[in-house]
Amino acid sequence: MIYTKKVLYRIILKEVFGAQVAEVALCLFNNPYSHFKNLIENASTLKLSSKELSQCLATLYQHQLLIIVKSERNPEILEFLLDEEKILHIVLFPKFLRLLDRKSGKVHGVVLQELFTRGRDSMSSAIFHAISYLKVGESHASVQEVLDCFTELVVEKYIIPVEPFDSSEQGAISLSLPSLSPETQQKIAQALEEEATELPELPDRKKLWTVNLKKLGQDLRNDLVKDAAQSSIDSNAAEVLGLFLNLVDALAEKGKFLNLKNDEVVSQAQRRHCVTKSKFVDGYLQILVSLHAPSRSNIHVLYSNF
């Protein structure tokens, strides 16, 4: 199993980021919780300089593939881990985009794709590159239109702010909706007219955003599970299961076992104006549970990431 993972990770990362990044990632896979000195020693066997090693680590971090933690023995030392789940998201991302295209439209997908390609980026830069991409495909969208799409993706939690590394700085994260001043929007429009390849430095350059791969994974999982429920039972079962999964996702952030009563799903159905189907929720939940495991009055779920 471990050998299969190594082969798979090498193929994916080499294709996307190149051989050097792939080898550094495998070094982290083989030696989790390595600090920089350990990696320098291993880099010599990979024939990488310390500068090349740093660049590879920066690439992995930029694309959410590197987890950085403080050493338990010495908090002043940083240790590195490979985020294996995110590697698989690279392969799944085209499926995420198709799902988003169905839900929200092409422009939203382009914004997400451009941000995913860069890993982390400022809002102004993401908007600039999204409009540039649309122009190449002979599609047109104004700065305001793409800004609106970006904001909608933030509201839906498909795009999230990059959190500061130091947990003591968590309070510095802004929970307000993103915005661009008219002057900044004008500079973006001007750069597009001049067909510039990059933006000049703008006021929001230090505020970075990234794609919420966890949210995309949840949505893709929910979509697949609902399709399965619809094909094996009916559309009502798919809707009830969708309501249940929404509750699971909302509570899963606590990282605990979830204990949902059927009444909670019924209440969710009523709030979503599914009044006709709310009276059938209990029956459908019992059918769904009976297909997998015995249950009493409550449904117990161990949530795991997609």
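Residues numbered from 1 in each chain as written. Predicted model: local features only at pLDDT ≥ 70, side-chain atom pairs only at ≥ 80, totals over all residues. Heavy atoms only, no water.

Asker: How should I be thinking about the overall build of the chain in this particular structure?
Answerer: The helix and strand tally for the chain stands at 14 helices and 8 strands. The burial tally for the chain puts 42% of its 306 residues in the buried class. Long-range pairs, those at least 24 residues apart, make up 65% of the contacts in the chain with a sequence separation of at least 6. (Helix = DSSP H or I, 4+ residues; strand = E, 2+ residues; numbered from the N terminus. Buried < 20%, exposed > 50% of the residue type's maximum accessible area, 1.4 Å probe, protein only. Contact = heavy atoms within 4.5 Å.)

Asker: How should the pattern of salt bridges be read in this particular structure?
Answerer: A side chain with one charge may pair with a side chain of the opposite charge, provided their charged atoms come close. According to the stated counting rule, one finds 6 salt bridges in the structure shown. Here K5 and E84 are joined by a salt bridge, their closest N and O atoms 3.5 Å apart. Note that K5 is positioned in helix α1 (residues 2-17) and E84 in helix α5 (residues 84-103), a separation of 79 residues in sequence. The partly exposed category is assigned to E84, whose relative accessible area is 25%. (Salt bridge = Lys/Arg side-chain N within 4 Å of Asp/Glu carboxyl O.)

Asker: Can you walk me through the pairing of strand β6 (residues 208-211) in this structure?
Answerer: Look at any regular strand and the pattern is simple: side chains alternate between the two faces of the sheet. As paired elements, strand β4 (residues 120-122) and β6 share 3 bridges and run antiparallel to each other. What sits directly across from R120, in β6, is T210. By the bridge criterion, 3 bridges tie strand β5 (residues 159-161) to β6 in an arrangement that is antiparallel. Within β6, the residue paired with I159 across the bridge is V211. (Pairing = 2+ DSSP bridges.)

Asker: Would you take a moment to explain the packing of helix α7 (residues 123-136) against helix α9 (residues 182-193) for this structure?
Answerer: If you want to describe how two helices pack, look at the angle between their axes and the distance between the axes. Where α7 meets α9, the axes come as close as 10 Å, and the angle between the chain directions of the two elements is 35°. In terms of crossing hand, the pair formed by α7 and α9 is right-handed. Two secondary-structure elements touch here, α7 through S124, F128, I131, S132 and K135 and α9 through T184, I188, A191 and L192. Class assignment for the residues of the contact of α7 with α9 results in 5 nonpolar, 3 polar and 1 charged. (Axes fitted to C-alpha atoms, helices over the stretch in contact; angles between N-to-C directions. Left-handed = near helix turned anticlockwise from the far one by under 90°. Nonpolar A, V, L, I, M, F, W, Y, C, P; charged D, E, K, R; others polar.)

Asker: Would you explain the sheet that holds β4 in this entry?
Answerer: Pairing between the strands of a sheet comes from backbone hydrogen bonds, and it takes one of two forms, parallel or antiparallel. The strand order across the open sheet built from 3 strands is β4-β6-β5, with neighbouring strands paired in antiparallel fashion. Each having just a single partner strand, β4 and β5 make up the two edges of the open sheet. Each adjacent strand pair in this sheet contributes to an overall mean axis angle of 40°, direction not counted.

Asker: Mind showing me how you'd approach the nonpolar core here?
Answerer: Generally speaking, a soluble globular protein has its nonpolar side chains buried in company with each other. Core analysis: the biggest nonpolar cluster contains 62 residues, and L112 and I159 have the highest contact counts within it. Take this core: its biggest share by element is 8 residues, from helix α2 (residues 19-30). In this structure, L112 is in contact with F93, L97, L100, L153, Y158, I159, V211 and L216, ignoring residues within four places of it in sequence. Of all hydrophobic cores here, the second largest spans 6 residues; its members include A238, F244, L245 and V248. (Core = buried A, V, L, I, M, F, W, Y, C linked by side-chain atoms within 4.5 Å.)

Asker: What should I look at first to understand the packing of helix α6 (residues 106-118) against helix α8 (residues 143-155) in this one?
Answerer: In contact at an axis separation of 9 Å, α6 and α8 are set at 75° when each is read in the N-to-C sense. Relative to α8, α6 is oriented roughly perpendicular. Where α6 abuts α8, its residues V107, H108, V111 and L112 lie against V146, C149, F150, E152 and L153. Here the residues of the contact of α6 with α8 sort into 7 nonpolar, 1 polar and 1 charged. (Parallel < 35°, antiparallel > 145°, perpendicular 65-115°, else oblique.)

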